[in-house]
Amino acid sequence: MQIDIIAGTRPNFIKIAAIIYAIESSKTGIKYRLIHTGQHYDEKLSLGIFRDLNLPAPDRNLNIGSGSQAEQTGGIMLGYEEILKEKKPNICLVVGDVTTSMACAITAKKMGIKVVHVEAGLRSKDWSMPEEINRIIIDSIADYFFTTTIEASQELYRNGKSKDQVFFVGNTMIDTLLRFKPKFQAPEIWNKLDLQKKNYLLLTLHRPSNVDKIQNLKRILSSIMENSGEVPVIFPVHPRTASILEKISLPSKNLFFIKPLSYLEFNFLLQNSMAVLTDSGGVTEEATVLQIPCMTLRENTERPETVQIGTNEIIGTNKENIEKALFKLFANKWKKGAIPELWDGKTGKRIIEVLIEEKAFHTGQIID
Ligand code: UDP
């Protein structure tokens, strides 16, 4: 069986890592090509993560770089089509909800290749998010679906998918987190600021709705700073956010902007933090498993289990809500969470077992 494993962004690399380890340790002779689209190309978001996670070098890199949604989609489709013309695999496996995953899923499907979607069935119901559009497109055309929760499977059934297409297997991002937990390492800022366990907050922001408009970003940052007292706030700045931050002057002696951290350093800081404030989906899952209080700076989430079961709360981005949430945290009243079903580090293995059993994946698609 030959699989194309598609990845182009930081969260993609973290998710596919679990699948690659599972293939490597299954000894079943599954062959794969790792296709990097180059959607993320910043050292810290791409090569650095490959190094941290001991990922093999990509077999192909489309080097798509930055651009509008349409430019990236078109560029990735053209690039991947060329690769497929050379050789068609049995399966094109995409993870998550980024442009890379959507563009490759469409290209493969139109060339008659079975598409497998890992992390299928998530919905924020927020059509202003490019990711929501990507999720819905991928889930409309994919052939097989691997889900992180029963709720996500149910969403797919409501959309007409059948039981033999949908597999509830757990969360690949958590496989990677648990595998690398013993290797988390303190970043430079830990010693530089003499940070201590539970005496600082961690912040990440990169969703267009939060960072593309200066006023929004400014309001969020000043609300956090006005309500966090002397507590240091460590903010590893995503490249998307960095260009906007340059235009804001925000004097605060407790807010520390740093470059994006390596995966091992970021999760070290997360594990030891008092809480994380974030608009990242992946971080809400990691905070849930590490049992760190998590405030989602968005109005919705496609990962409701992190709220219903985990440590996450949807705070939104208005000043009053941020104030209330931080007050609750400092008063030691944040809820304790539990860990969602099957987020146990064995998801990659379950996915590979299903792929091996599915006869449809072994039938003659490979064209050399
Ligand atoms: N992450 C990282 N370094 C950082 C910030 C985040 O390695 O400085 C990791 C984090 O542990 C998580 C992933 O990046 O696994 C989340 O990626 P991102 O927030 O870009 O994507 P999203 O989850 O929002 O799709």
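Bear in mind the structure is a predicted one, so any value in this text is a computation, not a measurement.

1. Thoughts on the overall build of the chain
- When its secondary structure is counted, the chain shows 16 helices and 13 strands.
- Against the compact-globule benchmark of 21 Å for 368 residues, the chain has a radius of gyration of 20 Å, which places it among compact chains.
- Considering only C-alpha atoms, the chain reaches an extent of 65 × 40 × 35 Å along its principal axes.
- For the chain, the share of sequence-separated contacts (at least 6 apart) that also reach a separation of at least 24 residues comes to 68%.
- If the 46 positive side-chain charges of the chain are averaged to one point and the 43 negative ones to another, these points end up 2 Å apart.

2. Focus on the packing of aromatic side chains
- Counted under the stated rule, the structure contains 8 aromatic pairs.
- Ring-pair connections join several aromatic residues into one group, and the members of that group are Tyr21, Phe180 and Tyr263.
- The aromatic ring of tyrosine 157 is capped on one face by lysine 163, whose charged end is 4.9 Å from the ring centroid.
- Positioned over the ring face of tyrosine 21 is arginine 179, at 3.8 Å from the centre of the ring.

3. Considerations on the site of the ligand
- Surveying the vicinity of the ligand reveals 18 residues, the closest of which are Arg10, Leu261, Ser280, Gly282 and Glu286.
- One of the side-chain N or O atoms of arginine 10 is found 3.0 Å from an oxygen atom in the ligand.
- Take glycine 281: an N or O atom from its main chain is 3.3 Å from an oxygen atom of the ligand.
- When the ligand is considered free in solution it has 540 Å² of accessible area, and contact with the protein chains removes 96% of it.

4. With respect to the packing of helix α1 (residues 10–26) against helix α7 (residues 172–180)
- Contact geometry for α1 and α7: axes closest at 8 Å, N-to-C directions at 80 degrees. The orientation of α1 relative to α7 falls into the category roughly perpendicular. Packed against α1, whose contacting residues are Pro11, Ile14, Lys15, Ala17, Ala18, Ile19 and Tyr21, the element α7 presents Thr172, Met173, Asp175, Thr176, Arg179 and Phe180 at the interface.
- Residue composition of the contact of α1 with α7, grouped by class: 8 nonpolar, 2 polar and 3 charged.

5. Details of the nonpolar core
- Within the largest apolar cluster, 60 residues are counted, with the highest numbers of intra-cluster contacts made by Ile5, Leu93, Leu269 and Leu355.
- In this structure, isoleucine 5 is in contact with Ile16, Ile19, Ile20, Ile23, Tyr32, Arg33, Leu34, Ile35 and Leu93, ignoring residues within four places of it in sequence.
- With 28 residues, the next largest nonpolar core counts Leu203, Leu245, Ala275 and Ile322 among its residues.

6. Focus: empty space enclosed by the protein
- In total, this model carries 1 cavity of 30 Å³ or more according to the counting rule given.
- Residue lining of the largest cavity: Asp279, Ser280, Gly281, Thr284, Thr296, Arg298, Asn300, Thr301, Glu302 and Arg303, and that is the complete set.
- For the lining of the largest cavity, the residue count by class is no nonpolar, 6 polar and 4 charged.

What counts and what doesn't
- Residues numbered from 1 in each chain as written.
- Predicted model: local features only at pLDDT ≥ 70, side-chain atom pairs only at ≥ 80, totals over all residues.
- Heavy atoms only, no water.
- Helix = DSSP H or I, 4+ residues; strand = E, 2+ residues; numbered from the N terminus.
- Rg over C-alpha atoms; globule rule 2.2 N^0.38 Å.
- Contact = heavy atoms within 4.5 Å.
- Lys, Arg positive; Asp, Glu negative; His and termini not counted.
- Charge placed at Lys NZ, Arg CZ, Asp CG, Glu CD.
- Phe/Tyr/Trp six-rings, centres within 6.5 Å; stacked < 30°, edge-to-face > 60°.
- Lys NZ or Arg CZ within 6 Å of the ring centre and 35° of its normal.
- Near = heavy atom within 4 Å.
- Polar contact = N/O pair within 3.5 Å; in protein donor to acceptor, adjacent residues only side chain to side chain.
- Areas by Shrake-Rupley, 256 points an atom, 1.4 Å probe, with all protein chains shown as cover.
- Axes fitted to C-alpha atoms, helices over the stretch in contact; angles between N-to-C directions.
- Parallel < 35°, antiparallel > 145°, perpendicular 65-115°, else oblique.
- Nonpolar A, V, L, I, M, F, W, Y, C, P; charged D, E, K, R; others polar.
- Core = buried A, V, L, I, M, F, W, Y, C linked by side-chain atoms within 4.5 Å.
- Buried < 20%, exposed > 50% of the residue type's maximum accessible area, 1.4 Å probe, protein only.
- 1 Å grid on protein atoms, 1.4 Å probe; cavity = no way out; pocket = protein on both sides within 12 Å on 5 of 7 lines; lining within 4 Å.
- Points joined across faces, edges and corners; volume = space filled by probe spheres on them.

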